[in-house]
Amino acid sequence: MPPAVFVLGLSIFALGTSEFMITGLLPGMAADLNVTIPDAGLLISAFAIGMVIGAPLLAIGTIRLPRRTTLLGLLAVFSAAHVIGAIADGYPLLFATRIISAIACAGFWAVAAATTVNLVPEARRGQALAVLVGGLTIANVVGVPAGTLLGQHAGWRSAFWAVAALTIIAALAVLLSVPRTPKETEAPRITEELQVFRRSRLWLALGVIALLQAMVFATFSYLAPVLVSVAGLPEAGVPVVLALFGGGAVIGIYAGGKLADKYPFATLYGSLGIALAALVALAFATTPAVAVTAVLILGAAGFAANPALNVRAYAAAGGTSTLVGASTTSAFNVGNTVGPWLGGTTISAGMGFSSVAWVSVALGALAVAALTAALRLHKRDTAPDLVAA
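None of these values were measured; they are calculated from a predicted model.

K.L.:
Honestly, the side chain of serine 360 in this entry has me stumped. Any pointers?
P.N.:
Considering the arrangement of structural elements, one finds serine 360 in helix H14 (residues 355-388). Serine 360 gets classed as buried once you look at its relative accessible area, which sits at 0%. Apart from the residues lying within four places of it in its own chain, the contact partners of serine 360 are Met215, Ala218, Thr219, Leu276 and Leu279.

Now the structure itself:
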């Protein structure tokens, strides 16, 4: 695996830490900025929406620029936004920096994914993309708890300074390791890149991404009340279980990366099946032991699918389009946004905290249906090749 792939994974670690650390900093931020916790929570929504919108816009805007230059520029913007956020004296300015950070993060994801698949042979794309996604997974296991701990002891602004510094380190590593790609006359044209979106199988691949991600996050977003109020876990045990979820995700990413290149559909079906079984167990869980086991399995199965999801999207597009990387980024974040919203809707309707697991089961069933449609289309498209062979 080229060192540049691991460097891009390090960069995603820095960006991912910022994306999710706000959750643990909300009380301190709300008190310091003199806003309510729900208002402070909108900083999370702002980031997610910025990711959805920013990925395709920046992919189009930078499509003719050298990729290394684009990566460095986006990291610089991301770091600068965190410096401004760290010294912001009011909520509106901080809100604006979160949107700018999200747009830069989304653009980086798109270009980094396209760069990664170009750095390795086609047969190793799944493993390379697993390294990239692994940066986000490790951010949840290490970066987010570390940022929360730093914010609790030195103030939330210190966490923003730490992310800014980590991003600068990542930029230096990108400068030293990612191959230079000078602007060529054969730079892709937007009209040519947009042609891939005429393929129904690409839209199916993106739909599976959004549904599977929504399935995981509809439950993950409310794990604390589910574990404490439904399964009877002591509140002090919640961080440990969240760490187990992250540990399971790391295992899943590694295993999924090994399988995704050769068996993308089998990997997706297997991941979905195991995740659905874990969700049903969590829905019926009345003891901590069952709930904790289900959470560990959900983390592993849910994230094992990620490399295969990316591989399928690029295969459906028939190339390494930057816009495809942007679209997968948007699809993941659509799931990140819709899943928690649907889970919160059932809780608000008085259906109880365990209802989020059933929301996830329904989303998983839809993902299976979309995946089956994608498989049928894949078999139809490849059937002539098999006959000819």
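K.L.:
Help me out: how do you make sense of the pattern of salt bridges in this one?
P.N.:
When their charged atoms lie close together, side chains carrying opposite charge are able to pair. Applying the stated rule across the entire model yields one salt bridge. Measuring nitrogen to oxygen at the nearest pair gives 3.0 Å for the salt bridge that ties arginine 157 to aspartate 32. With a gap of 125 residues between them, arginine 157 in helix H6 (residues 156-177) and aspartate 32 in helix H1 (residues 3-33) connect regions that are remote in the sequence. The exposure class assigned to aspartate 32 is partly exposed, which follows from its relative accessible area of 42%.

K.L.:
Any chance you could explain the packing of helix H5 (residues 125-154) against helix H10 (residues 238-260) here in plain terms?
P.N.:
Helix packing for two helices is described by the angle between their axes and how far apart those axes are. It is at 9 Å that the axes of H5 and H10 come closest, and there the two elements cross at 175°. In terms of their interaxial angle, H5 and H10 are classed as roughly antiparallel. On the side of H5, the interface is formed by Gly126, Gln127, Ala130, Val133, Gly134, Thr137 and Val141, while H10 contributes Gly246, Gly247, Ala249, Val250, Ile253, Gly257, Lys258 and Ala260. Residues belonging to the contact of H5 with H10 are distributed by class as follows: seven nonpolar, seven polar and one charged.

K.L.:
Just checking my understanding: could you explain the confidence of the model for the chain for this structure?
P.N.:
Keep in mind that low pLDDT regions are not for reading the predicted coordinates in detail. For the chain, mean pLDDT is 82; residues scoring 70 or higher make up 90% of the total. The secondary structure element of the chain with the lowest average pLDDT is helix H7 (residues 190-194), at 65, and the one with the highest is helix H11 (residues 264-284), at 93. Within the model, pLDDT remains below 50 along residues 385-389, and this stretch shows zero contacts once partners closer than five positions in the same chain are excluded.

K.L.:
Looking at this model, I keep getting lost on empty space enclosed by the protein. Mind explaining?
P.N.:
Over the atoms rolls a probe the size of a water molecule, and its path tells where empty space is left. Going through the model one piece at a time under the given rule, you end up with two cavities of 30 Å³ or more. Computed from the structure, the largest cavity encloses a volume of approximately 240 Å³. In terms of lining residues, the largest cavity is bounded by 21 residues, among which Trp109, Val133, Leu136, Asn306 and Phe332 are the most central. With six residues, the top contributor of residues to the lining of the largest cavity is helix H13 (residues 322-348). As for the second largest cavity, its lining consists of Arg201, Leu204, Ala205, Val208, Leu268, Leu309, Arg312, Leu371 and Ala374. The biggest single contributor to the lining of the second largest cavity is helix H8 (residues 200-220), with four residues.

K.L.:
Teacher, can you tell me more about a nonpolar patch on the surface here?
P.N.:
On the surface, a nonpolar cluster with roughly 420 Å² of combined accessible area is contributed by Ile168, Leu172, Leu175 and Leu176. Counting through the fold element by element, leucine 172 comes out in helix H6.

K.L.:
What's the story with the packing of aromatic side chains in this structure? I'm lost.
P.N.:
A ring pair, where both rings are aromatic, is described by two values, the distance of the centres and the angle of the planes. Applying the stated criterion across every chain yields a total of six aromatic pairs. Through a chain of ring-to-ring contacts, three or more aromatic side chains come together here, namely Phe217, Phe220, Phe245 and Phe303.

The rules behind the values
- Residues numbered from 1 in each chain as written.
- Predicted model: local features only at pLDDT ≥ 70, side-chain atom pairs only at ≥ 80, totals over all residues.
- Heavy atoms only, no water.
- Helix = DSSP H or I, 4+ residues; strand = E, 2+ residues; numbered from the N terminus.
- Buried < 20%, exposed > 50% of the residue type's maximum accessible area, 1.4 Å probe, protein only.
- Contact = heavy atoms within 4.5 Å.
- Salt bridge = Lys/Arg side-chain N within 4 Å of Asp/Glu carboxyl O.
- Axes fitted to C-alpha atoms, helices over the stretch in contact; angles between N-to-C directions.
- Parallel < 35°, antiparallel > 145°, perpendicular 65-115°, else oblique.
- Nonpolar A, V, L, I, M, F, W, Y, C, P; charged D, E, K, R; others polar.
- pLDDT = per-residue confidence, 0-100.
- 1 Å grid on protein atoms, 1.4 Å probe; cavity = no way out; pocket = protein on both sides within 12 Å on 5 of 7 lines; lining within 4 Å.
- Points joined across faces, edges and corners; volume = space filled by probe spheres on them.
- Patch = residues over 30% accessible without salt bridge, like charges linked within 9 Å, V, L, I, M, F, W, Y side chains within 5 Å.
- Areas by Shrake-Rupley, 256 points an atom, 1.4 Å probe, with all protein chains shown as cover.
- Phe/Tyr/Trp six-rings, centres within 6.5 Å; stacked < 30°, edge-to-face > 60°.

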